[in-house]
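Residue strings, one per chain:
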Amino acid sequence: MFDKQKAIIFFTVLVDAIGIGIIIPVLPFYVASFGASAFMVTSLFAIFSFCSFFSSPLLGVLSDKYGRRPVLIVSIFSTSLGWFVFAGAFHSIFLFVGRIIDGAAAGNFSTAQSYLIDISKTPKEKTHNIGLIGAAFGLGFILGPMLGGFLSSVSPSFPFWFVGFLAFFNGALAIFLIPETNPVALDRKNKKIKKEIFKEIFSKESLPSFNPLLPVIRAFKKKLLRKNFAIWFLFNLATVSMQVTLALYVGAVFGLGSVFVGVAMAIIGIIIVLNQAAFLKHFWLRYFTEKDLELYLLFFFGIGFLFMALPQLPFFIIGLIAMTFAQSVLRVVITSNISNKEKDDNQGELMGVMSSIGAVASIVGPLIAGALFYISPNCPFFMSAIFGFLSFLFLILPLKQNLKKQLIKV
């Protein structure tokens, strides 16, 4: 059921995703106007992720303790300010400043996921709700690239001004339309308690618990989640390495520009929307378990990257479609499998930790991919394939060990 609360969050994420969809096809060409190299393009992605590594778990803890709504609103306005600085840059250093501002409060998607987990009543509804985030993201990838190609014809910086104002509008809507869903925050409505909350945040006793590394350390102490976190890290490493070099790759290998990248992003978006908004609930979760989906699709995920690395355009397109098909389901299934292993009152922190793990991948991946691109443009895709197959091995090896134990018992 697509009720009011889900609709509001869906729209909030959609507006944010449209902004990202606008940026990815035109970012390399805008940065090139500053005389920047391919490595600098990938470094701009990495610096955002470096900042979000520290901010995401902190925002997750805050959303568990003080509410999803304020964290989401602050994060959205941070995105707006970051893009305004980026668009108005008169030197390449301000490109990095803009990405740092955005990354310093990067909690949009993880907080939105926590919000939808709050209102989920069953594990399957939780998986479906997480899929709505992906569907909004996919729809943003359909609309965003088309807008980006059109807006860049006005001026190279215009798409970034547009995204900044779009995020500002999104934040204004969030203030007036998004209700609170965290039960702890709902109990703290009167002003007296709010003052106590403010004092508690800045008290000496509270500050150590806001160390952004502590949630990550606590999470990795849980043996039950370590394998899942490793798979999540490799999955994000493969995905982000592809994303940051996609425009560079099609330009260097096929001689294609932002128009083709925009079309490719739109294809990615269509597949994500179909998979997560329709097929996930009515096909994938009906005929397969989430564990089986994770196992089978990780293998096809790696195969897709191998096809993308081939220097023939038809093979590249087939690989792109296969990879996106697997990736769009895997992102939901892996998230849901991890969420199901954690307590309900710790979901915000868990989503923040997952964002931090994704952020580490988004720091390491672009830097490695940027360096490998100089060796050969298809090297980043071969690297992504390796990460995909490693994720598959992380899942399949414990299954083989369990099978051996069962055979020994027999």
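Attention here is on the structure that accompanies the text. The structure displayed is predicted, hence computed values, not measured ones.

In terms of helices and strands, the chain carries 16 helices and zero strands. Expressed as a percentage of the 410 residues in the chain, the buried residues total 54%. In the chain, once contacts between residues fewer than 6 apart in sequence are set aside, the share between residues at least 24 apart is 84%. By element, 73% of the accessible surface of the chain is carried by carbon and sulfur atoms, the whole surface being about 18000 Å².

Let us look at empty space enclosed by the protein. A full pass over the atoms with the stated rule returns five cavities of 30 Å³ or more. Here the second largest cavity is characterised by a volume of approximately 50 Å³. Every residue lining the second largest cavity is listed: Ile-24, Pro-28, Phe-45, Gln-243, Val-244, Leu-246, Ala-247 and Val-261. Elements that contribute at least two residues to the lining of the second largest cavity include exactly helix H1 (4–32) and helix H11 (223–254).

The next point concerns H11. The terminal C-alpha atoms of H11, which comprises 32 residues, lie 46 Å apart, in line with the 46 Å expected from a rise of 1.5 Å per residue. Largest kink in H11: about 50°, centred on Thr-245. Following H11 by one or two positions, Gly-255 adopts a phi angle in the positive range, close to 70°.

This part is about the packing of aromatic side chains. This structure, assessed with the given rule, holds 27 aromatic pairs. When the ring of Tyr-30 is compared with that of Phe-34, the centres are 5.5 Å apart and the planes differ by 85°; the resulting orientation is edge-to-face. Overall, the relative accessible area of 4% leaves Tyr-30 in the buried class. Owing to a relative accessible area of 25%, Phe-34 belongs among the partly exposed residues under this scheme.

As a further point, take the side chain of Glu-290. Within the secondary structure, Glu-290 sits in helix H13 (residues 290–308). Of the residues examined, Glu-290 reaches a relative accessible area of 14% and is grouped as buried. A polar contact is formed between the side chain of Glu-290 and the side chain of Ser-336, at a distance of 3.2 Å. In this structure, Glu-290 is in contact with Thr-127, Leu-285, Val-333, Ser-336, Asn-337 and Asn-340, ignoring residues within four places of it in sequence.

What follows concerns the pattern of salt bridges. Note that side chains of opposite charge can pair when their charged atoms are close. This structure, assessed with the given rule, holds three salt bridges. For Asp-118, the salt bridge identified is with Arg-68, shortest N-O distance 2.7 Å. Linking Asp-118 in helix H5 (residues 108–118) with Arg-68 in helix H3 (residues 68–87), this pair joins segments that are 50 residues apart in sequence. The class of Asp-118 is partly exposed, set by a relative accessible area of 25%. Two residues, Asp-102 and Arg-99, come together in a salt bridge whose shortest N-O distance is 3.1 Å. Separated by three residues within a single helix, Asp-102 and Arg-99 lie in helix H4 (residues 92–103), roughly one turn from each other. Accessibility expressed as a relative area gives 9% for Arg-99, which makes it buried. Connected via shared salt-bridge partners are Asp-64, Arg-68 and Asp-118.

Following both chains from N to C, one finds helix H14 (residues 313–339) and helix H15 (residues 347–375) inclined at 135°, their axes separated by 11 Å at the closest point. Here H14 lies oblique to H15, going by the angle between them. Seen along the crossing, H14 lies across H15 with a hand that is right-handed. Only Gln-347, Leu-350, Met-351 and Met-354 of H15 make contact with H14, whose side of the interface consists of Thr-335, Ile-338 and Ser-339. In terms of residue class, the contact of H14 with H15 is built from four nonpolar, three polar and no charged.

Where H13 contacts H14, the axes come no closer than 7 Å and their chain directions differ by 150°. Between H13 and H14, the angle falls in the class roughly antiparallel. You can see that H13 and H14 cross each other, and the crossing is left-handed.

Conventions used here
Residues numbered from 1 in each chain as written. Predicted model: local features only at pLDDT ≥ 70, side-chain atom pairs only at ≥ 80, totals over all residues. Heavy atoms only, no water. Helix = DSSP H or I, 4+ residues; strand = E, 2+ residues; numbered from the N terminus. Buried < 20%, exposed > 50% of the residue type's maximum accessible area, 1.4 Å probe, protein only. Contact = heavy atoms within 4.5 Å. Areas by Shrake-Rupley, 256 points an atom, 1.4 Å probe, with all protein chains shown as cover. 1 Å grid on protein atoms, 1.4 Å probe; cavity = no way out; pocket = protein on both sides within 12 Å on 5 of 7 lines; lining within 4 Å. Points joined across faces, edges and corners; volume = space filled by probe spheres on them. Expected span 1.5 Å × (residues − 1). Bend = angle between axes of the 7 residues up to and from the residue. Phe/Tyr/Trp six-rings, centres within 6.5 Å; stacked < 30°, edge-to-face > 60°. Polar contact = N/O pair within 3.5 Å; in protein donor to acceptor, adjacent residues only side chain to side chain. Salt bridge = Lys/Arg side-chain N within 4 Å of Asp/Glu carboxyl O. Axes fitted to C-alpha atoms, helices over the stretch in contact; angles between N-to-C directions. Parallel < 35°, antiparallel > 145°, perpendicular 65-115°, else oblique. Left-handed = near helix turned anticlockwise from the far one by under 90°. Nonpolar A, V, L, I, M, F, W, Y, C, P; charged D, E, K, R; others polar.

Everything listed is a geometric property; what it means functionally is a separate question.
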